[in-house]
Amino acid sequence: TTNTGLVGFYLLTFKVNPSYPGIHPHQNMKHLMTSPRAASYSIRSAGQCQFQLLLFALALSSLFLPISSMQITRVSDAVPSTEDRDARDARVSGNGKFFVYQSESDYQNTGLAHFADGVWNIWRTSNVFASDGGGVVGVENDVNELVSSDSKPSDKDAKMVSINHDGNRACYSSNVPGEESIMLADFDSDGSRTLKYITNFTAAGGRDANYCDISADGSTIVFESDGELIPSISTAKSKDQIYMTQDDGATFTMITPAELSTASKSQGASVSRDGSFVSFRSTMQSDDFELDLDDYTSPPSSSTKPEAWLFRSSDQKLSRVTNLKEQECNTTIIYEKMVERWTEASLAAEGITKGSTVSCPYAAAQGWLPSAGTIGIGAVNQPKISDDGRFMSFTTNFNAATIRGTMEKPQVVAGTNLFLYDQVLGFTWLLTHEGEVGAATTEADIEAFCCPDASSSKKRGACSTSNEMKGSCCWQKPCWFPALNSYISGNGQSIVFTSDFGHDKENDDDFGPIWKDLEIVHYHIPTSTFTPITKTSDKNYDDFAPSLNYDGDVVAFTSDYDYVKDDAILSTNQIFAAKIGMGCSKDAAATNYLSSPDVEVCCEFNEDSIDTDMDMGAGGVPFSLKFNGDLRDALERVPFYDDATSPERFCSQYVEDVKTDVACSLSIPKKALKMTYPNQNASTGSGSGACGDWMDNGIRVTFEIMSWGDRTSETLKSELVDQQMSSSSSLWNGYLTKTMLEATEAPTSSPTPSPTPSPTPLPTPSPTSSPTSSQTKAKSPSAGSENTSNDPSSKALGESENLSDGSIAAITIGSIVGVVAIAFGTRMMLHRGRHKNSRHFVSSEHEHFNDI
């Protein structure tokens, strides 16, 4: 889209006159804004008009200066437009060109009963952006194609769709046979479509299959089902297991252990690019069962809430990603603290003789507990996995983090927060921040956010003494959602999620709770950057259920607000897409150069075309970085651990990530950094090999900085030292460099951070039972044992008596001080407007709220 001075005029108007809502920009400019409502303002007086005309003249003088390039356009439509036809649950293809979703619309205007209002069908839409041929506004020339059957009965629905990278294969759930079954749609190059059953359940027996995910290459489909798809293996109704097929349903592999097929429940399967890895959530860690052929029986090893698991196809091993043991709400501690505050006699007078889970959010807010600990790995679509299987994103109100940055303070975990798991390094990061421990959100903040819509019986002056003692009054427990519905990009560099919390502390005026206004937020992993995608600033206009393409620059989501018409659509939600300008503005030689990106990312260069001697000179200057953490402890957290390969893989990846972070912070090619220690090419000699002497002397990475462009190696070294001295620099926001301890080449005057040592990851249990394949007999699968004898939970959380006297629980890596969570308020957010036959995202995310 061409950016003009006139658009600059609107943006300048926004900067100086932000208090007048009203006038709408021309439609072909509106999509350049993050939100039309936030970016359009009216002229109210002659004085204002004159001032704005001056700004307009200034804008004309910089006619070709670039501005934000973000576009938001509508993907779906209500057809007929006179009826309330909803659309929801969109997925965007990896290439960013196709959007699939469920809709009640009759795009072809057939008037047939199975396209009537209230009947859900699956559609594929393309050409939604102007750059794709979609026209100026992006909705005139879009192409809508039916994915699901055009002859299904009118009382049957098609829902919950997933699409591959190229957009020519999609799986979805259909209840045409009588119960939910998985269907596969194939689109040929000529536009023709073929449908096939992956599973085919009938009403008899009441079994079903739901929530499929298809791999980027289209070869693998995973889903959850309580059906008996493998001979000789019995399953129990409503006890879903995770299945995988790599031949379009000819055969199946149950990737959850056959021993638990009638006991545990597993859901939320997500598959990597080629089916090599599958992530899911499960309660199976709380069940007693044979782990391996050595007759080692594991006791319940963790939380009864769903935890995150990872499956590896190559050897059919399972590994638990999270460890929530002993972090669940402890009602005994709650009662002890209530007695301290209110006295036992006063509590008894109100009929309170023990702690209750009703008090868990309040107890966490008071620092009595390490976290709210009531919602495990939540939602129907959690966790999500990147295409290479390295990264997983998920939400929970347990403090699942095992590492944090040196400059980062311990954070409260009250609501459902966003976490990132790295299976190569074994790290779990807390990405969203509600507030620092010891400086948590105040009672006034909670009251301002939670009390306006609270029941009158929970407000001040009316809330009973009993409720106040339990912490049930509206001013006592947070009720916001820092993160819901996370979705990670295929390249593993971006995450989108839903939130009513402002996360960009440096640039967002709405940092902190945004009053009950659910928006879409983008997080860039390599630079630790939050970017709001939507910002209606209106509690009635929610945006939710986002998904991402491979590159992380196309977001699909459902909304209450029409970003094309600038109007509310509370009773007829539709699908929208945002196209984000992601690029590097710091070096015009970068292949991803963008003068004014929406998201500033690391500069990329054609490394193969760079001549080291000619472009960078003969030699560089040495530099060394030290990092928090203990290698031995870190390796215990790595899943599928192998003594022969895991240490080398860990250390090699660690060095490569540090190289990427440093190059990113300086905006130079990675080729301009020559890594000298550890020496990954050496196989003999002291201190050689991928890990060097890290086991004994700590993690240290040394490299030479070469010249680049007009910057000499000494200049770049000086820039790097300057960044070390600034906690807000790019270096301190890098993926791993945020855990730096010190740099030996820094000047003595350079302040060495007084860091909270970066927590070392907690050990992951060894891979458990291998799955059962339909091609083999049902038998006890072989696997490694789950090492509960070295369970780190006592280190991770501290002893109960320590928590009971108010001290902070610890997540250990060396001497790390841990995280205490403030309370998570159980605000069951009912979506405004009419949602027919829908599983709204909030109720899905909080399907475990009845446990609170």
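Everything discussed here concerns the structure shown above.
Please read these numbers as outputs of a predicted model, since none were measured by experiment.

Caption draft 1: Inspection of the pattern of salt bridges at higher detail. Enumeration according to the criterion identifies 17 salt bridges in this entry. With its nearest N and O atoms 3.1 Å apart, the salt bridge here joins Asp 562 to Arg 74. Pair noted here: Asp 562 is in strand S32 (residues 561-562) and Arg 74 is in strand S1 (residues 71-74), with a separation of 488 residues, a long-range link. The same class applies to Asp 562 as to Arg 74, namely buried. Between Glu 340 and Lys 337 there is a salt bridge; the shortest N-O distance is 3.1 Å. Of this pair, Glu 340 and Lys 337 are both found in helix H5 (residues 331-342), three residues apart, which corresponds to roughly one turn of the helix. When its relative accessible area of 56% is taken as the criterion, Glu 340 is described as exposed.

Caption draft 2: Layout of the sheet that holds strand S25 (residues 494-499). Spatial ordering of the open sheet is given by S24-S25-S28-S29, a layout of four strands whose pairing is antiparallel. Whereas interior strands pair on both sides, the edge strands pair on one side only; in this sheet they are strand S24 (484-488) and strand S29 (529-532). On average, adjacent strands in this sheet sit at an angle of 20° to one another, irrespective of strand direction. Of the pairings in the sheet, the one linking S25 to strand S28 (residues 519-524) comprises six bridges and is antiparallel in character. Within the sheet, the bridge partner assigned to Phe 497 lies in S28 and is Val 521.

Caption draft 3: How the structure looks around the state of the cysteines. The full count for this structure, using the stated rule, is eight disulfides. Residue Cys 450 pairs covalently with Cys 479 via a disulfide, S to S 2.2 Å. Between Cys 450 and Cys 479, the S-S torsion sits near -115°, and that sign places the bridge as left-handed. Note that Cys 450 is positioned in helix H8 (residues 443-450) and Cys 479 in the loop between helix H9 (465-470) and S24, a separation of 29 residues in sequence. In this pair, the class of Cys 450 matches that of Cys 479, namely buried. Note that Cys 584 is cross-linked by a disulfide to Cys 603, the S-S spacing being 1.8 Å. What sets the handedness of the Cys 584 and Cys 603 disulfide is the S-S torsion sign, and at about 45° it is right-handed. In this pair, Cys 584 sits in the loop between strand S35 (582-583) and strand S36 (599-600) while Cys 603 sits in the loop between S36 and helix H10 (612-616), placing the two residues 19 residues apart along the sequence. Residue classification places Cys 584 among the buried residues on the basis of a relative accessible area of 0%.

What counts, and at which threshold
Residues numbered from 1 in each chain as written. Predicted model: local features only at pLDDT ≥ 70, side-chain atom pairs only at ≥ 80, totals over all residues. Heavy atoms only, no water. Salt bridge = Lys/Arg side-chain N within 4 Å of Asp/Glu carboxyl O. Helix = DSSP H or I, 4+ residues; strand = E, 2+ residues; numbered from the N terminus. Buried < 20%, exposed > 50% of the residue type's maximum accessible area, 1.4 Å probe, protein only. Pairing = 2+ DSSP bridges. Axes fitted to C-alpha atoms, helices over the stretch in contact; angles between N-to-C directions. Disulfide = S-S within 2.5 Å.

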